[in-house]
Amino acid sequence: MTDLSIDARLLAPDNDRHGSNAKVIITAVAALILGAVALSAAISWRHGLLLLLGGALGLTLYHALFGFTSAWRVFIVAGRGAGLRAQMVMLAIAVALFFPALAHGTLFGEHVHGEYGAVGIGMLTGAFLFGLGMQLGGGCASGTLYTAGGGNTRMLVTLAAFIAGSTIGALHLPWWSAQPNIGAVSLIDTLGWMPALALCLVVMALVYLVTVRIEMRMHGELEPGARTVRRGWRRLMQGPWPLLAGAVALAIGNFATLYLAGRPWGITSAFALWGSKILMSFDPIVASWPYWQGARAASLQQSVFYDATSVMDFGIMLGALLAAGLAGKFNPTWRVSASSLLAAVVGGLLLGYGARLAYGCNIGAYFSGIASGSLHGWCWFVAAFIGNMLGTRLRPLFGLAVERIPVRQAKA
């Protein structure tokens, strides 16, 4: 198996009916449209558009099979780097769009700010745990949402554990934040946005070229793109999309989020909110946690629909549901082994806990952190990648597959 994005088996390719699921499509479209209208009327037009933007991102993630978990695992064990290269393209576009706007502090007349996190023991530990959880849980933050929304029932278990882990992480975050750290470092503020942009582009180019060199050395050639019989509008609607198309769409989608929400795309802060609100219904002491003091206090008392991150997360799941319906792949099943479910629980807890310690996930810390010019985004990448290396070695203990290099492909 050489899938270069999130594990394609989670999207049930064997159940492709070469058509579409009409009821699923109608449900997803109706929920997105009616939800956007309701949010616009009750809260703001921005919330309505954020739901639709989340839907577009979810559809993109599904159709492009754009993930991080399998992309990193395939590179670790098989030296195939198309997924990593697509991520570098996505990041390059993002920094080119973000840095000028963040340096000026406004985008089309609206105040905007980046996502920054303190670089230290807590952040690095969290990123490592998140990387470990990626391989056991079967997905990252965006991957968990879009595969769950697309009908994968195992990932619903991962999502539930993800929410629980995020809640525990919110409780423990003050202690981890007090551990040694150098604080948040903005490359834009430190170097100026143009030198910072040049530096980031050079690093991204180096990562891109290193993956090419390693893949050529191991295989003698770069792996060709996935073949598809679909063309034109049918491919656009049903997928699969090229990885690079997904990279471009996600970078633009994050830039749109910056304008609509005033800050970059994030995912996992909503999980801590959902878990804390559930727990608070049983024990009001949750509201006294240090994590929920100050600016966060209001969100714990308001409806989750006031939280822009929650709205986008709902949109991602609906967008993935729509994509699965269009592709004819929405066919939920609970035929999952006990060991796989155990891995989903353990992985989900690590994902949630790690995300809170690391100031975000593969989207909020890695993608949006680097797009913001935050040093913690690059540190997150390194620590999480190391966690993925360990997680890949642990997968067989839970009966989870690991890609292997066919002997005939290895370079002599």
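Quick look at the structure, then. (Residues numbered from 1 in each chain as written. Predicted model: local features only at pLDDT ≥ 70, side-chain atom pairs only at ≥ 80, totals over all residues. Heavy atoms only, no water.)

What follows deals with the packing of aromatic side chains. Given two aromatic rings, their pairing is described by the distance between the two centres and the angle made by the two planes. Summed over all chains, the structure comprises 22 aromatic pairs. Just above the ring of Tyr208 sits the side chain of Arg85; from NZ or CZ to the centre is 6.0 Å. Directly above the ring of Tyr291 sits Arg296, whose terminal nitrogen or CZ lies 3.9 Å from the centroid. (Phe/Tyr/Trp six-rings, centres within 6.5 Å; stacked < 30°, edge-to-face > 60°. Lys NZ or Arg CZ within 6 Å of the ring centre and 35° of its normal.)

Moving on, we come to the environment of Phe128. With respect to the helices and strands, Phe128 occurs in helix H5 (residues 121–137). Spatially, the C-alpha atom of Phe128 lies 9.4 Å from that of Leu390, the residues being 262 residues apart in sequence. Apart from residues lying up to four places away in sequence, Phe128 is in contact with Ala383, Ala384, Ile386, Gly387 and Leu390. (Helix = DSSP H or I, 4+ residues; strand = E, 2+ residues; numbered from the N terminus. Contact = heavy atoms within 4.5 Å.)

Further remarks concern the nonpolar core. Judged by nonpolar contacts, the single largest core of 104 residues is most densely connected at Phe66, Trp72, Phe130, Trp265 and Trp380. Filtering out sequence-adjacent residues up to four positions away, Phe130 remains in contact with Cys140, Ala141, Phe162, Leu350, Leu351, Gly354, Ala355, Cys361, Asn362 and Trp380. Core analysis: the second largest hydrophobic core is formed by 10 residues, Leu132, Ala343, Tyr353 and Leu400 among them. (Core = buried A, V, L, I, M, F, W, Y, C linked by side-chain atoms within 4.5 Å. Buried < 20%, exposed > 50% of the residue type's maximum accessible area, 1.4 Å probe, protein only.)

Together, Val29, Ile33 and Val37 give the surface a local cluster of nonpolar side chains, amounting to about 240 Å² of exposed area. Its place among the elements puts Val29 in helix H1 (residues 22–42). Given a relative accessible area of 31%, Val29 falls into the partly exposed group. (Patch = residues over 30% accessible without salt bridge, like charges linked within 9 Å, V, L, I, M, F, W, Y side chains within 5 Å. Areas by Shrake-Rupley, 256 points an atom, 1.4 Å probe, with all protein chains shown as cover. Salt bridge = Lys/Arg side-chain N within 4 Å of Asp/Glu carboxyl O.)

Quick look at helix H17 (residues 375–394) now. Here H17 spans 29 Å end to end across 20 residues, near enough to the 28 Å set by a 1.5 Å rise per residue. Inspection of H17 places His376, Gly377, Trp378, Trp380, Phe381, Ala383, Ala384, Phe385, Gly387, Asn388, Gly391 and Thr392 among the buried residues, and these make up the whole buried set. (Expected span 1.5 Å × (residues − 1).)

Per the counting criterion, the structure on display carries 3 salt bridges. Close ionic contact of Glu215 with Arg80 constitutes a salt bridge, the shortest N to O distance being 2.8 Å. A residue pair is termed long-range when its members are at least 10 positions apart, and Glu215 in helix H9 (residues 193–219) and Arg80 in the loop between helix H3 (69–78) and helix H4 (82–104) qualify at 135 residues. Owing to a relative accessible area of 0%, Glu215 belongs among the buried residues under this scheme. By relative accessible area, which is 5% here, Arg80 ends up buried. Measuring nitrogen to oxygen at the nearest pair gives 3.0 Å for the salt bridge that ties Glu215 to Arg85. Linking Glu215 in helix H9 with Arg85 in helix H4, this pair joins segments that are 130 residues apart in sequence. Comparing Glu215 with Arg85 shows no difference in burial state: the two are buried.

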